[in-house]
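An overview of the molecular structure
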Amino acid sequence: MNDAPRHTPDQTAGVFAAYDVPDFFCELMNRKEIAPPTLQNVRDRLARFSLADLRHRTNAAETQLYRLGITFTVYSDKEAIDRVLPFDVIPRIITAAEWTHIERGVQQRVQAINLFLHDIYHDRAILRDGIIPADLVLKNPNYCEAMVGLDVPGGVYVHINGTDLIRDQSGRFLILEDNARTPSGVSYVIENRHMMLRLMPDLAAGLPLRSVEDYGLKLHQSLREVSPKGVLDPQVVLLSPGIYNSAYFEHVFLAREMGVPLVEGKDLVVENHRVFMRTVAGLRPVHAIYRRLNDEFLDPLAFNPDSMLGVPGLVEAYRRGNVTIANALGTGVADDKAVYAYMPRIIRYYLDEEPILASVETHICAEPNGLAYTLANMDKLVIKPVGESGGYGLLIGPHATQAELAEFRHKLQDNPGNYISQPVINLSVSPTLCPQGVEARHVDLRPFAVTGRSTWVLPGGLSRVALRKGSLVVNSSQGGGSKDTWVLAS
Amino acid sequence: MTEISANFSSMQPGLNTLLSRYGESMMWLARYMERIENLARLLEVTESFVRGPDGQPGWDTILQINSDEECFYARHQSVTETDVVTFYVTEKENPNSIKAMAHAARENARAVRPLISTEMWTQLNVFTGWVLKLQPSDIRLDSLYDLCNRLKQECQSHFGITEGTLYRDQAWLFYLLGKYLERGDQTTRLIDIRYHTLLPGHEPVGSDIDLTQWASILRSAAAYHAFRRQQPVTTTPANVVGFLLKNDAFPRSLSTSLRLVDNALSMLAGHGSMRRLCAPIQERMAELRATLADQTVEDIIIRGLHEYMQWIQIQISQVQQETACAFWPVTPHDSIMHAQSQQ
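If you're wondering where the values come from, they're calculated on a predicted model, not measured in any experiment. (Residues numbered from 1 in each chain as written. Chains lettered and ligands numbered in written order. Predicted model: local features only at pLDDT ≥ 70, side-chain atom pairs only at ≥ 80, totals over all residues. Heavy atoms only, no water.)

1. Digging into the overall build of chain A
Counting its secondary structure elements, chain A contains 14 helices and 23 strands. Scaling as 2.2 N^0.38, a compact globule of 490 residues should have a C-alpha radius of gyration of about 23 Å, and chain A matches this with 23 Å. Oriented by its inertia axes, the alpha-carbon framework of chain A measures out at about 80 × 60 × 50 Å. Here chain A holds 490 residues, and the buried ones make up 57% of them. Long-range pairs, those at least 24 residues apart, make up 68% of the contacts in chain A between residues at least 6 apart in sequence. Side-chain charges in chain A split into 49 positive and 56 negative, and the spacing between the mean points of these groups amounts to 2 Å. (Helix = DSSP H or I, 4+ residues; strand = E, 2+ residues; numbered from the N terminus. Rg over C-alpha atoms; globule rule 2.2 N^0.38 Å. Buried < 20%, exposed > 50% of the residue type's maximum accessible area, 1.4 Å probe, protein only. Contact = heavy atoms within 4.5 Å. Lys, Arg positive; Asp, Glu negative; His and termini not counted. Charge placed at Lys NZ, Arg CZ, Asp CG, Glu CD.)

2. Digging into unusual backbone geometry
Residue and element names in this part refer to chain A. Geometrically, the link from Ala326 to Asn327 is a cis peptide bond, its omega value of -10° lying close to zero. Tracing the backbone shows Asn327 in the loop between strand 12 (324-326) and helix 11 (337-340). A positive phi is found at Asn272, a non-glycine position, where the angle reads about 50°. Following the sequence through the fold, Asn272 ends up in the loop between strand 8 (268-271) and strand 9 (274-279). A relative accessible area of 72% places Asn272 in the exposed class. The phi torsion at Asp352 lies on the positive side, around 55°, for a residue other than glycine. Within the element layout of this structure, Asp352 appears in the loop between helix 12 (343-351) and strand 13 (358-359).

3. Brief notes about the sheet that holds strand 16 (residues 395-396) of chain A
Residues and elements named next belong to chain A. Pairing within the open sheet is antiparallel, and its four strands lie in the order 14-17-15-16. With partners counted over all chains shown, the strands left at the sheet margins are strand 14 (363-364) and strand 16, one partner each. Note that strand 15 (residues 381-385) and strand 17 (residues 419-423) share five bridges and pair antiparallel. Counted as the bridge partner of Leu381 is Pro423 from strand 17. (Pairing = 2+ DSSP bridges.)

4. Here's the deal with the packing of aromatic side chains
All told, the structure shown has 18 aromatic pairs over all chains when counted by the stated rule. Taking 5.9 Å as the distance between ring centres and 70° as the angle between the ring planes, the aromatic pair formed by A:Phe16 and A:Tyr19 counts as edge-to-face. Here A:Phe16 matches A:Tyr19 in class, with each residue buried. Grouping aromatic residues by their ring pairs yields a cluster made of B:Phe72, B:Tyr73, B:Phe87 and B:Tyr88. For B:Arg168, the ring lying beneath its charged end belongs to B:Trp172, and the centroid distance is 3.8 Å. Against the face of B:Tyr224 rests B:Arg219, its NZ or CZ located 4.1 Å from the ring centre. (Phe/Tyr/Trp six-rings, centres within 6.5 Å; stacked < 30°, edge-to-face > 60°. Lys NZ or Arg CZ within 6 Å of the ring centre and 35° of its normal.)

5. Notes on the pairing of strand 18 (residues 429-434) of chain A
All names here are of chain A. Extensive coverage of strand 18 is indicated by the burial of six of its six residues. Burial of the side chains of strand 18 extends over both faces: Val429, Pro431 and Leu433 are buried on one face and Ser430, Thr432 and Cys434 on the other. As judged from the six bridges shared by strand 18 and strand 19 (residues 437-446), these two strands associate in the antiparallel manner. Across the sheet, Leu433 pairs through a bridge with Val438, a residue of strand 19.

6. Re the sheet that holds strand 9 of chain A
Residue and element names in this part refer to chain A. Across the sheet, three strands lie side by side as 8-9-10; this open sheet has antiparallel pairing. Each end of this open sheet is capped by a strand with a single partner; those strands are strand 8 and strand 10 (282-285). Across this sheet, the average inter-strand angle for adjacent strands is 45°, counted without regard to direction. The pairing of strand 8 with strand 9 spans four bridges and is antiparallel. Note on strand 9: the bridge partner recorded for Glu271 is Arg274. (Axes fitted to C-alpha atoms, helices over the stretch in contact; angles between N-to-C directions.)

7. Regarding the domain arrangement of chain B
Residues and elements named next belong to chain B. For chain B, the assigned domains read domain 1 (18-167) and domain 2 (168-331). Computed from C-alpha atoms alone, the centre-to-centre distance between domain 1 and domain 2 is 20 Å. The interface is formed by 32 residues belonging to domain 1 together with 30 residues belonging to domain 2. The junction of domain 1 with domain 2 conceals about 3100 Å² of combined surface from both sides, 60% of it contributed by carbon and sulfur atoms. (Domains from an automatic or database assignment. Buried area = accessible area lost by both parts, 1.4 Å probe.)

In structure tokens, the structure reads:
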């Protein structure tokens, strides 16, 4: 090598020599507490890598993801383009104590959501007691009339829940969003771990990491537990929109991990209000459906009559208790961004407990006070439309221009009920390999909870990272990548 | 046969839940991969050995084998090496091109991805990704041999990985059904291409050019050396045809392919309620195999080789259709949906 180094970096700091994040909580380097020995060990091991080595392994990861087909496919004009979710080789670490806290908090949240859904589709006590405005629930576009009075097995509506967590500047975990419909991303949790063990065996060697291998088993078990009563050996299937869906890889992954058929709507048929799948030996009964289709596409007879993806008669079969659908219909009320603001009160109402995981302070623009506060503080707030997902249509006040603020003000005043606002949280960061070296990038965390007779939380979850410098938006549709999440067993 | 060593009596009950759609895709995955391999062989052999009466490579023969003249002339003026090779390798508009078939194989594999091994998917994903990116400019005629060889080897890798990793349930049997139906069909097409030299009044059988032609047919079926071992002294067209049609030890002969189709059907039939569904197809296969076993190759030639090859091709296509009717029937509901989507 001819190039002499321009400065002499701290040799012990290695790839972290220029790493500096005074303003944020850093998951690896700036925890504002004494790091547990395992975490210190990971820091030391990482520091011994060279940048070139990390880049080499990152490239290898990308090649592997393409080859293995861990991709989302974008279809245009007969062309199928496979894209990979960018993978960062530096893991995000959660200590044993942090995980215990998250796990309990997520279990509490799921329990409250299931009780809430049962209530709003039965007695509506929470509405009578004035805890949450009745209109917000009953006029919610996701409220599903077909669910009224229907008893679901075990009282479980949300069998699979994804809770989006962030950490503020002090490191406190906050719930940003619930995903109670068809949360996606769990395949990446497991595939990222496999990738990590292939690519960075020297980093992971001998560390006490919690395993993520059990997900398919637990999911299958839970779905069997909530199958219709009296079925000895329930047949579970995974219902996918098919190969043209961008999440098809995840559907394949989950079907394989559970060992159940991946079906499309056209593979199922309803006869005498019972669901069957078409096999080479004729029709075979189906008892539980893990569906990755939204409510409105499930059954052309009950919802969107143009849906070619669904199964005619499925909802009636469901209403008669002949099949379990996971998640249940109409769960979207619970993860609505406006209902979110009431979640702490919902938890207290049903469980008589304080929320273990706090929510982000939320102003509801449908309420006069909330609107007034939001209008007065637009430049300090994140303002979100309640119906959108994927990070679309939101305004980050401190990053917005005057013109953008003015334009958004009109939208807000025209339709205040469509918005909520929250303070800007200085999301925690994690060291991430970037074009200029290892730099701090904001991360979030989506743990996945599976509920049958009880609620089990997959240790860790999907850590998404905003790859653009300073960006707070981690969604894969908006330039996000992902990291392996290591939950330390000790 | 080692190809079907799976014994269903030792399998757990409850495995007869293969989705119809999976059965269909497994069958077509195998058919497309087998067809790609055969086409690659044919291109390679044509380039090296097949010569027309003028001594030029017989590129028009390939078009005849595949009944592709119409499709070809719709897009090309004349039969040159470049035109034919492009037509068969990179022209996606030609449904019989390697590119179009690789695409079809990949989409079928995508549908059965929950069933096939990760190793199968990964190899197929990389292979088809390479083929789909091939441009006419990537095909150098002076290295056509290398291209064809790589194509063949990729297909053979696929078959090898499948043999070594695919779980032996009904999905496997439908895969075998597709593979051997296609292989049988391809062999008849290969033989059919030289049938006219056997017609009375043509150049005398046994002339030099004729023997080269027949040897090239053996080569495109990877049969040349096996044939030599069986017939070290005499090469006659009848011997060659007989070997490709009736030799039970040669893996690409028609009789072997039909036997393996039959074996796969027997395995399927042995599985509970499938017997009834398999019976009519097995009957057709029995008749098909009997016509082959009961005639000498001389009989076949005298009665009309071309007619017999065409009859076999029709029978094979019937087996495909009957399999579809039995195992992935179109229901009244499907036809309604289909009619609606066409409006």
